[in-house]
Amino acid sequence: MKRYIIPVFIPHYGCTHQCIFCNQRKITGLDRPVSPEQVSAAIAEHLAMITAPRLIEVAFYGGSFTALPADIQQALLAPAYAALQQGKIQAIRVSTRPDCINAEIVTAVCRYGVTTIELGVQSLDDDVLRTAGRGHTARQVAAAVAVIRGMGVKCGIQLMPGLPGETMLSLIATACRTVKLKPDFVRIYPAVVIAGTQLAVLYSRGLYRPLTLPQAVRQAGYLKLLFERNGIKVIRTGLQATAELADQQVVLAGPYHPSFGEMADSFIFHLMVSRCLEQLDCTDSEIFICHHSRDTSKIRGLKNANLNRWRQEYSLRAITLAVDDELPLNAIAMIHQTNRYFINKSMLTSL
Ligand code: SF4
C-alpha cells in the first residue's frame, strides 16, 4: 500500500545549533513553531483529503524534535498519538539531531507511538561537520544510530553532499561509514545556498563554491547505488520541489532542481547501460532496451541525454526502447544481435 505523509514542520524548534546551510523558515515559508492545536488541525485536514487506502504517517520535520523540553514533545505528539490509537493513522516519525538521542529520550517518544527517528547527519567527516557548525561529531552519530536501532526503532540518516571542505574522498568515507552504521534508510540532499544562511555569506564572498548540478547528480547517483547495493533504502534524493525553493530569492545557488531525484536515477541507468556497452562491440549496430514502462523517462534522461550519449560514445546506429512490464523496476534487458543481457543495479556487469 502506498504511504501518505502528513508533514508537520517545526522550523528550527529545539535546535541547539545554527547549521551554516540551514534556514528552515525560508524553505518551509513558516516562521513560528507549531502548536498542538495546529498539529490536530493538520492531521484532520490531510485525513479529509485522502480518498484511497494509504499507510498514513505523521512526520515532524524541520527542527530538532527530541531537543525540545519533554512536555512540549509530549504535547505535540499527543494529537498524532490519539489519531494512531483511533486507527486514523498508522505511524509517527520525528527528525532530530544525533547529539539529542539517548535511551531515555527514545523510550519517551516511543511511548507516544514514534516508530521512526530520522537523524540529520549531513557528513561523517568531523572537519566537514565542524565547518558546517553542526555541533556534533561522527562518533555521536554512530552512538545515536546504535541506540535507536538497538531499541527496535527504525533509523533514517540524512546526508548532504557538497558542504564546505568536503572532498570526493571524504564523501566516499562518509558513504562507507554510513553503510557500516546500517541505517534503515537514507535521504540525500545535496547542499544548496539558501538566503539568510552563513553559507550564503561565504558564497557571496567567494569562499564557498557549491557543487554544479551535474556533479551533484553524479555524487547522489553513486551514493544511491552504493546504499542500495548494501540493502539500505534511499527514500529521497534532492529537496522536495516547493514554491519557496523555486524562488531565486530563496535558493541563491547550488544544485537545486525540481527533478533532481529523477536525474540521479537517470545517471544510474546511464552507468548500467554504459557498463554493458563497454563489454560489447556495438559499433554501427542497433540495441534494444527493454524496461518497465515506469522507467522510460529515467532511461531516456533529461531531454534524451542518455540516449544521445550512448549513441555517440558507442557509435550505435540506433537505440530502440521497448516496454516490458514483466521486468522489475530499475532493471533492463538489453538485446544486441541475438543476445539478451539482463542488468540491474546490483549486477552492473552481468552479461
Ligand atoms: S540542520 Fe537541523 S539542527 Fe541544523 S539548524 Fe537546521 S533544523 Fe536545526
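Source: prediction; values computed, not measured.

A. Spatial organisation of the packing of helix H2 (residues 36-49) against helix H3 (residues 70-85). Two elements in contact, H2 and H3, have axes whose closest approach is 8 Å; the angle formed by their N-to-C orientations is 30°. The orientation of H2 relative to H3 falls into the category roughly parallel. As H2 runs across H3, the sense of the crossing is right-handed. When H2 is examined against H3, the residues Pro36, Val39, Ser40 and Ile43 are found in contact with a partner set consisting of Ala75, Leu76, Pro79, Ala80 and Ala83. A class-by-class count of the residues in the contact of H2 with H3 yields eight nonpolar, one polar and no charged.

B. Region of the structure containing H2. Under the 1.5 Å per step criterion, the end-to-end length of H2 is 20 Å for 14 residues, consistent within 8% with the ideal 20 Å. Residues of H2 that are buried include every one of Val39, Ala42, Ile43 and His46, and no others. Buried positions in H2, seen along its axis, are confined to an arc of 100° and lie on one side of it. The exposed set on the far side of H2, more than 90 degrees from its buried face, consists of Glu37, Glu45 and Ala48. Taken together, the buried residues of H2 touch strand E1 (3-9), strand E2 (55-61) and H3.

C. Up close: a nonpolar patch on the surface. Together, Met168, Ile172 and Tyr222 make up a nonpolar patch on the protein surface, roughly 290 Å² of accessible area in all. Residue placement: Tyr222 occurs in helix H9 (residues 213-229).

D. Spotlight on the side chain of Thr237. Looking at where Thr237 falls in the secondary structure, it is placed in strand E8 (residues 233-237). Relative accessible area serves as the criterion here: at 7%, Thr237 is assigned to the buried category. When near neighbours in sequence (up to four residues on either side) are disregarded, Thr237 contacts Ile188, Ala220, Lys224, Phe260, Gly261 and Ala264.

E. Highlighting the environment of Ala142. Here Ala142 lies in helix H6 (residues 138-150). For Ala142, a relative accessible area of 31% corresponds to the partly exposed category.

F. Local environment of the site of the ligand. Taken together, His12, Cys15, His17, Cys19, Phe21, Cys22, Gly62, Gly63, Ser64, Arg97 and Arg134 form the complete shell of residues around the ligand. Its residues assigned to classes, the shell around the ligand shows four nonpolar, five polar and two charged.

G. Unusual backbone geometry, seen in detail. With a phi angle near 65°, His12 is a residue other than glycine that sits in the positive phi range. Here His12 is to be found in the loop between E1 and helix H1 (24-28). Residue class for His12 comes out buried when judged on its relative accessible area of 12%.

H. Representation of H6. Over its 13 residues, H6 extends 18 Å from the first C-alpha to the last, a length consistent with the 18 Å expected when each residue adds 1.5 Å. Turning to H6, its buried residues are Ala138, Val141, Ala144, Val145 and Ile148. Along H6, the residues classed as buried sweep out an arc of 115° about the axis, all on the same side. Facing away from the buried side of H6 by more than 90 degrees, the exposed set consists of Arg139 and Gly150. Where H6 ends, the next residue or the one after it, Gly152, has phi of about 75°, a positive value.

I. Quick peek at the sheet that holds E2. Taken in spatial order, the seven strands make up an open sheet running E1-E2-E3-E4-E5-E6-E8, and their pairing is parallel. Unpaired on one side and paired on the other, E1 and E8 mark the two borders of the sheet. Sheet twist, expressed as the average angle between the axes of neighbouring strands with direction ignored, equals 25°. With four bridges joining them, E2 and strand E3 (residues 91-96) adopt parallel strand pairing. Across the sheet, the residue bridging to Glu57 is Ala91, located in E3.

J. Representation of the packing of aromatic side chains within the structure. Applying the stated criterion to the full structure yields four aromatic pairs. Look at Tyr81 and Tyr112: their rings are 5.6 Å apart centre to centre, the planes differ by 55°, and that puts the pair in the tilted class. With Tyr81 in helix H3 and Tyr112 in the loop between helix H4 (103-111) and strand E4 (114-122), the pair connects residues that are 31 residues apart, well separated along the chain. Between Tyr222 and Phe267 the ring centres are 5.4 Å apart and the planes differ by 85°, which places this aromatic pair in the edge-to-face class. Of this pair, Tyr222 sits in helix H9 while Phe267 sits in helix H11 (residues 260-278), and the two are 45 residues apart along the sequence. The exposure class of Tyr222 is partly exposed, given its relative accessible area of 41%. Here Phe267 falls in the buried class, since its relative accessible area comes to 10%.

K. Region of the structure containing the pattern of salt bridges. Across all of its chains, the model carries twelve salt bridges by this definition. Note that Arg309 is salt-bridged to Glu313, the shortest N-O span being 3.1 Å. In this pair, Arg309 and Glu313 both sit in helix H13 (residues 305-313), four residues apart, roughly one turn of the helix. Under the relative-accessibility criterion, Arg309 is labelled partly exposed at 38%. Through salt bridges with shared partners, a single ionic network connects Arg3, Glu57, Arg93, Glu118 and Arg187.

Criteria and thresholds
Residues numbered from 1 in each chain as written. Predicted model: local features only at pLDDT ≥ 70, side-chain atom pairs only at ≥ 80, totals over all residues. Heavy atoms only, no water. Axes fitted to C-alpha atoms, helices over the stretch in contact; angles between N-to-C directions. Helix = DSSP H or I, 4+ residues; strand = E, 2+ residues; numbered from the N terminus. Parallel < 35°, antiparallel > 145°, perpendicular 65-115°, else oblique. Left-handed = near helix turned anticlockwise from the far one by under 90°. Contact = heavy atoms within 4.5 Å. Nonpolar A, V, L, I, M, F, W, Y, C, P; charged D, E, K, R; others polar. Expected span 1.5 Å × (residues − 1). Buried < 20%, exposed > 50% of the residue type's maximum accessible area, 1.4 Å probe, protein only. Arc of directions from axis to C-beta. Patch = residues over 30% accessible without salt bridge, like charges linked within 9 Å, V, L, I, M, F, W, Y side chains within 5 Å. Areas by Shrake-Rupley, 256 points an atom, 1.4 Å probe, with all protein chains shown as cover. Salt bridge = Lys/Arg side-chain N within 4 Å of Asp/Glu carboxyl O. Near = heavy atom within 4 Å. Pairing = 2+ DSSP bridges. Phe/Tyr/Trp six-rings, centres within 6.5 Å; stacked < 30°, edge-to-face > 60°.

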